[in-house]
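Okay, here's what each chain looks like letter by letter:
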Amino acid sequence: MRAGVKQRLEPGLSLDASLTLPYVLFVPETVGIPVVVDGGLLAGLEAFYLSPRVQWIGFSADGQAVSGWVYRPTGGYAFSTYVLEPGYLGSFQGGGGLFSLSAAMRL
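Within every chain, residues take consecutive numbers counted from 1 along the sequence as written. With pLDDT at 70 or above as the cut-off, local features in this predicted model cover only qualifying residues; side-chain atom pairs require 80 or more to be listed or tallied, and sums for whole chains, interfaces and linings still use all residues. Remark: hydrogens and water are excluded; side-chain values derive from all non-hydrogen atoms of the structure.

**Thoughts on the pattern of salt bridges**
Selection rule: When a carboxyl oxygen of Asp or Glu lies within 4 Å of a side-chain nitrogen of Lys or Arg, that pair is called a salt bridge. Elements are defined by DSSP. Helices are runs of H or I of four residues or more, strands are runs of E of two residues or more, and each kind is numbered from the N terminus. Burial classes follow relative accessibility: with a 1.4 Å probe on protein chains only, a residue under 20% of its type's maximum area counts as buried, one over 50% as exposed, and anything between as partly exposed.
Going through the model one piece at a time under the given rule, you end up with 4 salt bridges. A salt bridge links Arg-53 to Asp-16; the shortest N-O distance between them is 2.9 Å. Residue Arg-53 is located in strand E4 (residues 48–61), and its partner Asp-16 is located in strand E2 (residues 13–20); the two are separated by 37 residues in the primary sequence. Across this residue pair, the class does not change: Arg-53 and Asp-16 are buried. For Asp-38, the salt bridge goes to Arg-53, with nearest N and O atoms at 2.4 Å.

Structure follows, in structure tokens:
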């Protein structure tokens with residue numbers, strides 16, 4: 001479950017922040033699913049947008065709390081009823097990254 005807020009700064013430019021709460025809060029037997037707090041910038045032109053963001057991720061693995069900061073530049077296209085968003089997730093501590101493709105329903 002993800003909830004967020006956006007604050008328009010000017011046409012085509014907004015600040016964005018969100019909190020992602022994993023289903024582990026509702027299914028206690030599940031471990032290792034993160035809680036994510038993130039903030040970023042949304043810069044768009046018509047239906048296209050770019051969104052560089054910084055995220056704090058925290059989760060429990062084998063009974064130990066693990067957390068860290070990551071960066072996530074994304075882009076996207078907003079259709080009338082959904083959004084497609086390719087992105088990259090990388091760590092400030094180095095190491096490999098992950099490419100992603102997300103979709104969301106527009107409300």
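**Here we look at a nonpolar patch on the surface**
To be explicit about the condition: Each patch is assembled from residues with relative accessible area greater than 30% and no salt bridge, linking like charges that lie within 9 Å and nonpolar side chains (Val, Leu, Ile, Met, Phe, Trp, Tyr) that lie within 5 Å. We get accessible surface area from the Shrake-Rupley algorithm with a probe of 1.4 Å; when it comes to residues, only the shown protein chains can shield them.
On the surface, Val-54, Trp-69, Tyr-71 and Phe-92 cluster together into a nonpolar patch covering about 400 Å² of accessible area. The topology assignment puts Phe-92 in the loop between strand E6 (82–91) and strand E7 (98–105).

**Quick word on unusual backbone geometry**
For Glu-46, which is not glycine, the phi torsion reads 60° and is therefore positive. Within the secondary structure layout, Glu-46 lies in the loop between strand E3 (35–45) and E4. Residue class for Glu-46 comes out exposed when judged on its relative accessible area of 81%.

**Focus on the packing of aromatic side chains**
Stated precisely, the cut-off is as follows: Under the pairing criterion, centres of Phe, Tyr and Trp rings, with the six-membered ring standing for Trp, must be within 6.5 Å; the plane angle then separates stacked pairs below 30 degrees from edge-to-face pairs above 60, leaving the rest tilted.
Inspection of the entire model under this criterion finds 6 aromatic pairs. Ring centres of Phe-48 and Tyr-77 lie 4.7 Å apart, and the angle between their planes is 65°; this geometry places the pair in the edge-to-face category. Of this pair, Phe-48 sits in strand E4 while Tyr-77 sits in strand E5 (residues 64–78), and the two are 29 residues apart along the sequence. For Phe-48, a relative accessible area of 54% gives the class exposed. Centroid distance Tyr-77 to Phe-79: 4.6 Å. Interplanar angle 70°. Geometry classified as edge-to-face.

**Observations concerning the side chain of Glu-85**
The following threshold applies: Between N or O atoms, a polar contact is any pair within 3.5 Å; within protein, one atom must be a potential hydrogen donor and the other a potential acceptor, and residues adjacent in sequence are included only when both atoms are from side chains. Any two residues whose heavy atoms approach within 4.5 Å at even a single point are treated as in contact.
Along the polypeptide, Glu-85 turns up in strand E6. Taking relative accessible area as the criterion, Glu-85 reaches 17% and is therefore assigned buried. Here Tyr-49 takes part through its side chain, which lies 2.6 Å from a polar atom of the side chain of Glu-85. Ignoring sequence-local partners within four residues, the contact set of Glu-85 consists of Tyr-49, Arg-72, Thr-74, Gly-75, Gly-76, Ser-100, Leu-101 and Ser-102.

**Here's the deal with the layout of surface pockets**
Which parts of space are left empty comes out when a probe the size of a water molecule is rolled across the atoms. Here is the rule: Here a cavity denotes grid points, spaced 1 Å and computed from the protein atoms alone, that fit a 1.4 Å probe unable to get out, and a pocket denotes an open set having protein on both sides within 12 Å along at least 5 of 7 lines; residues with an atom within 4 Å of a point are the lining. Grid points are joined across faces, edges and corners, and a volume is the space filled by probe spheres set on the points. Under this grouping Gly is polar, as are all residues other than the nonpolar Ala, Val, Leu, Ile, Met, Phe, Trp, Tyr, Cys and Pro and the charged Asp, Glu, Lys and Arg.
Taken as a whole, the largest pocket encloses approximately 1,100 Å³ of empty space. Looking at the largest pocket, it is lined by 36 residues, and the ones nearest its centre are Arg-2, Lys-6, Asp-16, Tyr-49 and Glu-85. Counting residues per element, the ones that place at least two in the lining of the largest pocket are strand E1 (2–10), E2, E3, E4, E5, E6 and E7. Residue composition of the lining of the largest pocket, by class: 17 nonpolar, 10 polar and 9 charged.

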